[in-house]
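Analysis of the macromolecular model
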Amino acid sequence: IIRDHEKELLCALSPFALGVLLPLWWGIPLSAVMLGVVILGFGDPIAREWAKAVAKARADGMDEVEIRKVFTGGKKTWTGYRGFCASAGIGVFISSALDLSGWKVFPEIHHFFFLIAFPLGVVVGGYAELAQEWIHMHIAVKIRMPRLRWLFEFLMDDNLLVPIGASVPIGIVFLIGQAVS
């Protein structure tokens, strides 16, 4: 299912593939990149739905929760960000459960490093999602050359930024953990 405003845009697979391949090219461990994909896969769709559900409950008079926008004039909300972090955290928890059950998804490092890496990846991945909207609102709209603007918006796509934003800090912590362990 494609939204009306996405009909003229490039398929999301292109920035996503780049968001997966760049960290691997930079030497980020595959397990960290996989977590970046899990964070995007769980966090991105749930963020929108969570915010819509809260907005609907508020409109129906069931809930008095104020839905604050992250940026004035933007679409993203703090409620959606919390939904992103919660659902991405569930994805990371499921990945951890698979690892502990014998699938060995993650490197052999001390558990302390996982306690740092996982929340860091979820939070940074979520902020990458928010940064994408701010960059579009304050920088991309000022670019007058159509092809340069298209390239800039391609590079600022959340399908590119979230996997990179999540996997790079996780990968750095994993690499430090492997060096210390």
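None of the values given here were measured: they were computed from a predicted structure.

Points about the packing of aromatic side chains
Inspection of every chain in the model, using the stated rule, returns ten aromatic pairs. A centroid spacing of 5.8 Å and a plane angle of 75° characterise the contact between F112 and F113, whose relative ring orientation is edge-to-face. Pairing F114 with F174 gives two aromatic rings, centres 5.5 Å apart and planes at 80°, and the pair type is edge-to-face. With F114 in helix α4 (residues 111–138) and F174 in helix α6 (residues 158–180), this pair connects stretches of sequence that are 60 residues apart. The same class applies to F114 and to F174, which are both buried. Through successive ring pairs, a cluster of aromatic residues spans F106, F114, F118 and F174.

Considerations on the pattern of salt bridges
Applying the stated rule across the entire model yields four salt bridges. Between E49 and R48 there is a salt bridge whose closest N-O contact spans 3.7 Å. For E49, a relative accessible area of 39% translates into the label partly exposed. R149 is the salt-bridge partner of E153, the closest N and O atoms lying 3.4 Å from each other. Residue E153 and its partner R149 are both found in helix α5 (residues 146–155); the two are separated by four residues, about one turn of the helix. A relative accessible area of 28% means that R149 is categorised as partly exposed. Linked by salt bridges that have partners in common, R48, E49 and K52 make up one network.

Looking at helix α3 (residues 78–103)
Three or four residues apart is the spacing at which side chains of an α-helix point the same way, because the helix has 3.6 residues per turn. Its 26 residues place the ends of α3 35 Å apart at the C-alpha level, agreeing with the 38 Å of an ideal helix rising 1.5 Å per residue. Positive backbone phi, approximately 50°, marks K104, located one or two places after α3.

Some thoughts on the nonpolar core
If you look at soluble globular proteins, the nonpolar side chains tend to sit buried side by side. With 31 residues, the main nonpolar core has L35, I39, F84, F118, I170 and F174 as its most contacted residues. Put simply, the parts of the chain that give this core at least two residues each are α2 (30–59), α3, α4 and α6. Counting residues per element, this core draws most heavily on α6, at eight residues. If we skip the residues at most four places from it in the chain, F118 touches L35, V92, S96, F106 and F174.

Rules and cut-offs
Residue positions are counted from 1 within each chain, in the order its sequence is given. Where totals are concerned, whole chains, interfaces and linings use all residues; where local detail is concerned, this predicted model gives features only for residues with pLDDT of at least 70, and gives and counts side-chain atom pairs only at 80 or more. Note that the side-chain values use all heavy atoms of the structure and ignore hydrogens as well as water. Between 30 and 60 degrees the pair is tilted, below 30 it is stacked and above 60 it is edge-to-face, where a pair is any two Phe, Tyr or Trp rings, Trp via its six-membered ring, whose centres lie within 6.5 Å. Only DSSP runs of H or I covering at least 4 residues are called helices, and only runs of E covering at least 2 are called strands; the numbering of each starts at the N terminus. The cut-offs for exposure are 20% and 50% of the maximum accessible area for each residue type, with area from a 1.4 Å probe on protein chains only; residues under the lower value are buried, those over the upper are exposed, and the others partly exposed. Salt bridge criterion: a side-chain nitrogen from Lys or Arg within 4 Å of a carboxyl oxygen from Asp or Glu. In this analysis, the expected span of each helix is defined as 1.5 Å times one less than the number of residues it contains. In this text, buried Ala, Val, Leu, Ile, Met, Phe, Trp, Tyr and Cys residues form a nonpolar core when linked through side-chain atoms within 4.5 Å. Two residues qualify as a contact provided that any one of their heavy atoms is within 4.5 Å of a heavy atom in the partner residue.

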